[in-house]
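Structural overview
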Amino acid sequence: MNPAHPTPIPDADVHAYADGQLAPDRLARVEAALASDTGLAARLAAIRAQNLALRDALDPVLAEPIPDQLLAAATAPASHAAGLRRWLAPAFAVAATLVVGIAVGWFGRDALIERAGTPTTFARQAAFAHALYAADVNRPVEVWASEEKRLVTWLTKRLGFAVHAPDLNSVGYSLVGGRLVAGNENPTALFMYENADKQRLSLQVRKQAPGTGETAFRYAVENGVGVFYWIDDACGYAISGSVDRTQLLKIAHVVYGQLAAFEGAATK
Amino acid sequence: MTLHADTGAPGLPHPDLVAAIPRLRRYARVLTGDAVRADDLVQDTLARAWEKRRLWRSGSDLRAWLFTIMHNVHVNQLALARRDAANVSIDADPGNPAWQLPVRANQLDRVELLELVALIGRLSPDQREVLLLAAVEELRYDEIANVLAIPIGTVMSRLSRARDKLRRLSVEPASALRVVK
């Protein structure tokens, strides 16, 4: 090879280098050529600039809200539900270690699904408590949102584990306040939210041992009140409201994400 | 990104699939050049993913797997469209004025980005696809080869042509940009 006229770097290597994908044994040659070949340096800079511009230009799509029909498509088809149970047989029933964060599955550490024929006690209680207090114009809550810190401290003490009120402003609901609800043997924290149309929602939290016959993740409707409820790490959560299922699911999504983030932060 | 022991609850969207949807939508818009058909393509892709869930190997890259399904669904749909002589596939004519910008004008704060996005529509479908997967999704070349079922050499040559063409188009004087809002 004549050093005055080195073999040009193959086109594929130029692109691979720009993309950070060039094989290690070929790196040295490109780097040596870069020292003297300004044309090569310019080509690489142009590719990298184009990459950045393409990302800048196309990333906004990622921030768009997801249409309902796509959320529906991400849901297991009904015909598969029975198959899922068999498919999620003992091999998958072993509790997987879940990373807290947005990638966490909707189950808690208990990966068993149980499809009960009748709505569970928790859902019924949650719906009843929601209907009772949401209808109260003057005193839906004991402690108002203006004293949120006091509310959270009080409920945490009574329940015996850390609770907090998720921020639902992104879906149009602001915190009204909270109260304690007498349910079964476990005291239940109730956070009440309200939107601009004065529609109310509640999040109820209580200690809940898994595997007591209560299902892990369910949706139920009790007397016109929709309830999404689940058990995660020995806590039961129920989101109740009179809004339609899709809306309620969106809200449950937000709540779940915040609870997971909170838990993650608390364990750091 | 991995699917945790496939813990989808019946009746609730699977969070790992939900997390993949924005990127699927973006890829679909680049493929189809039409925002509505793009969401239909994503929907069809997710339906196919449920059907083929047993083929997904736990621990492997879910995003790449979904992209592969989307590519295949799209190819099949194009083949069906071509069989119907009355249908002119939008993708058959890369200069088609009906190409929709993948992003809305008000989402971009720089005009040159808007122009760049419009120029993507003037690449061939094969070029657009490779460029998206390499430059934007930053998949490895061997992953792209798997998604598109082509040899790595073809990935490289298409990528090179895509980049060159895009660069030439963006320096053309008075390029006939048709920014469709």
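Refer to the structure above for everything that follows.
What comes next concerns the included structure.

1. Examining the packing of helix α3 (residues 38-58) of chain A against helix α7 (residues 152-171) of chain B
Where α3 of chain A meets α7 of chain B, the closest approach of the two axes is 11 Å, and the angle between their N-to-C directions is 80 degrees. Accordingly, the angle class assigned to the pair α3 of chain A and α7 of chain B is roughly perpendicular. Contacts between α3 of chain A and α7 of chain B involve Ala-46, Ile-47, Gln-50, Asn-51 and Leu-54 of chain A on the former and, on the latter, Arg-163, Leu-166 and Arg-167 of chain B. Here the contact of α3 of chain A with α7 of chain B is built from residues that sort into four nonpolar, two polar and two charged.

2. Here we look at the side chain of Thr-45 of chain B
All names here are of chain B. Inspection of the secondary structure assignment puts Thr-45 in helix α2 (residues 35-51). Taking relative accessible area as the criterion, Thr-45 reaches 0% and is therefore assigned buried. The residues touching Thr-45, leaving out its near neighbours within four places in the chain, are Leu-66, Ile-69 and Met-70.

3. Details of the pairing of strand β3 (residues 188-194) of chain A
All names here are of chain A. Of all the seven residues making up β3, seven are buried; the element is thus mostly covered by neighbouring parts of the structure. As judged from the seven bridges shared by strand β2 (residues 174-181) and β3, these two strands associate in the antiparallel manner. The partner of Arg-179 across the bridge, within β3, is Leu-190. Bridge count for β3 against strand β4 (residues 200-207) is seven bridges, and the pairing is antiparallel. Its bridge partner being in β4, Ala-189 is matched across the sheet by Val-205.

4. Examining the environment of Arg-53 of chain B
All names here are of chain B. Note that Arg-53 resides in the loop between α2 and α3 (62-83). Assessed through its relative accessible area of 9%, Arg-53 is described here as buried. For Arg-53, the side chain forms a polar contact with the main-chain oxygen of Trp-50, separated by 2.9 Å.

5. Observations regarding unusual backbone geometry
Residues and elements named next belong to chain A. Backbone geometry places Lys-198, a non-glycine residue, at a positive phi of 65 degrees. Along the chain, Lys-198 falls in the loop between β3 and β4. Relative accessible area serves as the criterion here: at 60%, Lys-198 is assigned to the exposed category.

6. Section: the packing of aromatic side chains
As enumerated under the stated definition, the model contains four aromatic pairs over all chains in all. The interplanar angle of 75 degrees and the centroid separation of 5.0 Å between the aromatic rings of Tyr-27 of chain B and Phe-67 of chain B together place this pair among those described as edge-to-face. One end of the pair, Tyr-27 of chain B, is in helix α1 (residues 15-32); the other, Phe-67 of chain B, is in helix α3, and 40 residues separate them in sequence. In this structure, Tyr-27 of chain B and Phe-67 of chain B share a single accessibility class: buried. Clustering of aromatic rings is evident, with ring pairs tying together Trp-230, Tyr-237 and Tyr-256 of chain A. Positioned above the aromatic ring of Tyr-219 of chain A, the side-chain terminus of Arg-245 of chain A is 4.8 Å from the ring centre.

The rules behind each value
- Residues numbered from 1 in each chain as written.
- Chains lettered and ligands numbered in written order.
- Predicted model: local features only at pLDDT ≥ 70, side-chain atom pairs only at ≥ 80, totals over all residues.
- Heavy atoms only, no water.
- Axes fitted to C-alpha atoms, helices over the stretch in contact; angles between N-to-C directions.
- Helix = DSSP H or I, 4+ residues; strand = E, 2+ residues; numbered from the N terminus.
- Parallel < 35°, antiparallel > 145°, perpendicular 65-115°, else oblique.
- Contact = heavy atoms within 4.5 Å.
- Nonpolar A, V, L, I, M, F, W, Y, C, P; charged D, E, K, R; others polar.
- Buried < 20%, exposed > 50% of the residue type's maximum accessible area, 1.4 Å probe, protein only.
- Pairing = 2+ DSSP bridges.
- Polar contact = N/O pair within 3.5 Å; in protein donor to acceptor, adjacent residues only side chain to side chain.
- Phe/Tyr/Trp six-rings, centres within 6.5 Å; stacked < 30°, edge-to-face > 60°.
- Lys NZ or Arg CZ within 6 Å of the ring centre and 35° of its normal.

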